[in-house]
Amino acid sequence: MSTLIAAPLDMTVRDGFDAEACMNCGFCSATCPLGVPILPRRLFRYVLFGMDDAVRAETETIFSCLLCRSCEQSCPAGVHITENVRLLRGWLLREGR
Amino acid sequence: MPLPTQDVVGILADNLRIRRNVLPIPARQATRWARALDLPRGGEVVLYTGLMYQLIPYIERLVALERRLGDTPLARLTGLGRRLNRFVNGVAFVARPSAGERAEYERVPANAARLLRRAGVEFGYLYEDDLYAGTLAYDLGADEAVAAHARRVVAILRKNGVREVITIDPHTTNMLRSVYPRLIGGYDLRVRNYLEVLAERGMEFASPLGRRAVIHDPCVYARYENILEPPRRLLASAGVDVAEPEKAGSLTWCCGGPAEALYPAKAAAVAAARVAQLRDIAPDCVTMCPICLVNLRKAADGIRFRDISEYLVEASAPPPDATSAVRRPGPASGRAGR
Ligand code: SF4
Ligand code: SF4
């Protein structure tokens, strides 16, 4: 059973994980200095769909995000992208192995 | 191949928990610049460096080691390293930068102290109680270790009777001003950055530089703490003709440094891209963050990076004739040149 499906729901209530607001427009990826297309929108889909293994497989991508907020600057939905990335890091450290 | 992420983050979080810093560095060394300036101990208003600038040469040593380890079978032993590190301070063995490497970064807190004095600000310093704020562990998601550490920092500040801290780098400013209030109930510490304090006082500069330099805004000042105008105002008063790159202010481009601890190659690629945006604008670039400074410097290609405090200290020094006028009549003053 998916463990991640419980974790983000819990996060939504407790820590403000707000992937639901993302409309998958791609503005964030266009301004990301790392130019990684998966960050953050596809990643957030994985989380919403409870795809633990897909999230685990992106450990390197998740930990290489610069938290620079360039993406947030251009996000029309006001998604707290960097905070979501930090929360995913915490999840990977606790339960992600 | 990068080292196993979870183990590396685990070592940093363990260090923060056990030794009060992600990389425990000797407090005497990290605060020597303050003794040299004879900064008074404690007080309601203190200069708080969070050891960020002082940490850089140690981080550089560790990153070099990681890079060497990452390509060897030893990388598989990082888990064992983490278990050992709980009992022995591993950094004491691997990361001893030379005095020369340290001096460059210890000069920045000293510069900030000089500037505040020249602007007439009264403040003290906490010496061994000037603790790292926990930035790297927070960024890596080790929230529990950071929350416990933040409580310890705040308890120490309260014990010292501190009501206001003056910070000198973006990351410590952000932790103390925007992150700690979310972690600690009843948090009422006033947090200002030294650039804000100096700009607010309308600091004037005795020896304007008459030089052109391009400015690099750190992401954390620009997009977390909204510190954009004070550095520009100060540089203009200091006689620096500030050139704005295309990606400036709230649209600034990251230096790549935050990826350095885990993925140095990615950090280097982002830094190279930023250097390419800056280098044709002016031969000098003003930085305002220790992480930007070290990362952009490593990628420097025909452009010189210097911390904003270096420009401001140089411009605030009394002109040569004024210095000799002060020195001539009186007894030798221990405060000359501060
Ligand atoms: S810019 Fe915002 S809304 Fe658009 S894909 Fe990125 S996170 Fe989602
Ligand atoms: S915060 Fe992360 S995802 Fe957003 S632009 Fe910066 S590196 Fe890319």
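Scope of this entry: the structure provided in the associated data block. (Residues numbered from 1 in each chain as written. Chains lettered and ligands numbered in written order. Predicted model: local features only at pLDDT ≥ 70, side-chain atom pairs only at ≥ 80, totals over all residues. Heavy atoms only, no water.)

**So, the pairing of strand β4 (residues 190-193) of chain B**
All names here are of chain B. Relative to β4, strand β3 (residues 164-167) is paired through four bridges, and the arrangement is parallel. Opposite Val165, over in β4, you have Val191 as the bridge partner. Crossover connection from β3 via helix α10 (residues 170-183) to parallel β4: handedness right-handed. (Pairing = 2+ DSSP bridges. Helix = DSSP H or I, 4+ residues; strand = E, 2+ residues; numbered from the N terminus. Right-handed = clockwise from strand over helix to strand, strands pointing away.)

**Some details on the site of ligand 2**
Taken together, the residues surrounding ligand 2 are Cys32, Pro33, Cys65, Leu66, Leu67, Cys68, Arg69, Ser70, Cys71 and Thr82 of chain A. Here the residues of the shell around ligand 2 are counted per class, giving seven nonpolar, two polar and one charged. (Near = heavy atom within 4 Å. Nonpolar A, V, L, I, M, F, W, Y, C, P; charged D, E, K, R; others polar.)

**What to know about the environment of Glu260 of chain B**
Note on placement: Glu260 of chain B falls in the loop between β6 (240-243) and α14 (264-278). As a C-alpha pair, Glu260 of chain B and Ile291 of chain B span 31 residues in sequence and 9.2 Å in three-dimensional space.

**Some thoughts on the packing of aromatic side chains**
Applying the stated criterion across every chain yields a total of three aromatic pairs over all chains. Their ring planes at 75° and their centres at 6.2 Å tell us that Tyr180 of chain B and Tyr187 of chain B sit as a pair that is edge-to-face. Accessibility assignment for this pair places Tyr180 of chain B and Tyr187 of chain B in one class, buried. The ring of Tyr224 of chain B carries the charged tip of Arg69 of chain A above its face, separated from the ring centre by 3.6 Å. Here Arg86 of chain A stacks its cationic end above the ring of Tyr138 of chain B, 3.6 Å away from the centre of that ring. (Phe/Tyr/Trp six-rings, centres within 6.5 Å; stacked < 30°, edge-to-face > 60°. Buried < 20%, exposed > 50% of the residue type's maximum accessible area, 1.4 Å probe, protein only. Lys NZ or Arg CZ within 6 Å of the ring centre and 35° of its normal.)

**Concerning the interface of chain B and chain A**
Every contact between the two is made by 26 residues of chain B and, on the other side, 22 residues of chain A. In total, chain B and chain A occlude about 2200 Å² of area from one another, counting both sides; carbon and sulfur atoms represent 57% of this. When the area that chain B buries against chain A is broken down by residue, the three leading residues are Gln6, Arg223 and Tyr224 of chain B, summing to 28%. The interface formed by chain B and chain A contains two salt bridges. (Contact = heavy atoms within 4.5 Å. Buried area = accessible area lost by both parts, 1.4 Å probe. Salt bridge = Lys/Arg side-chain N within 4 Å of Asp/Glu carboxyl O.)

**A word on the side chain of Arg192 of chain B**
All names here are of chain B. Checked against the element boundaries, Arg192 lands in strand β4. Polar contacts involving the side chain of Arg192 include one to the side chain of Glu200, which spans 2.8 Å. When sequence neighbours within four positions are dropped, the list of residues in contact with Arg192 reads Glu164, Val165, Ile166, Thr167, Arg177, Val197 and Glu200. (Polar contact = N/O pair within 3.5 Å; in protein donor to acceptor, adjacent residues only side chain to side chain.)

**Thoughts on the packing of helix α9 (residues 143-159) of chain B against α10 of chain B**
Residue and element names in this part refer to chain B. At a minimum axis separation of 10 Å, α9 and α10 run at an interaxial angle of 110°. By the angle between their directions, the pair α9 and α10 is classed as roughly perpendicular. Residue-level contacts link Val146, Ala147, His149, Ala150, Val153 and Val154 of α9 to Met175, Tyr180 and Leu183 of α10. (Axes fitted to C-alpha atoms, helices over the stretch in contact; angles between N-to-C directions. Parallel < 35°, antiparallel > 145°, perpendicular 65-115°, else oblique.)

**Topic: the pattern of salt bridges**
Residue and element names in this part refer to chain B. Per the stated rule, a full pass over the model turns up 26 salt bridges over all chains. Note that Arg212 and Asp241 form a salt bridge whose closest N and O atoms lie 3.7 Å from each other. Within this pair, whereas Arg212 is found in strand β5 (residues 211-215), its partner Asp241 is found in strand β6, the two being separated by 29 residues in sequence. For Arg212, a relative accessible area of 41% gives the class partly exposed. Notably, a salt bridge pairs Glu314 with Arg306, separated by 3.6 Å at the nearest N-O pair. On the basis of relative accessibility, which here comes to 33%, the residue Glu314 falls in the partly exposed class. Here the salt bridges do not stand alone but share partners, grouping Glu164, Arg190, Arg192 and Glu200 into one network.

**Looking at the sheet that holds strand β8 (residues 304-307) of chain B**
All names here are of chain B. Taken together, the four strands give an open sheet; going across it, the order is β6-β5-β7-β8, and neighbouring strands pair in parallel fashion. Looking along the sheet, the strands with just one partner apiece sit at the ends: β6 and β8. In this sheet, adjacent strand axes meet at a mean angle of 40° when their direction is disregarded. Note: β5 against strand β7 (residues 284-287), two bridges, orientation parallel.

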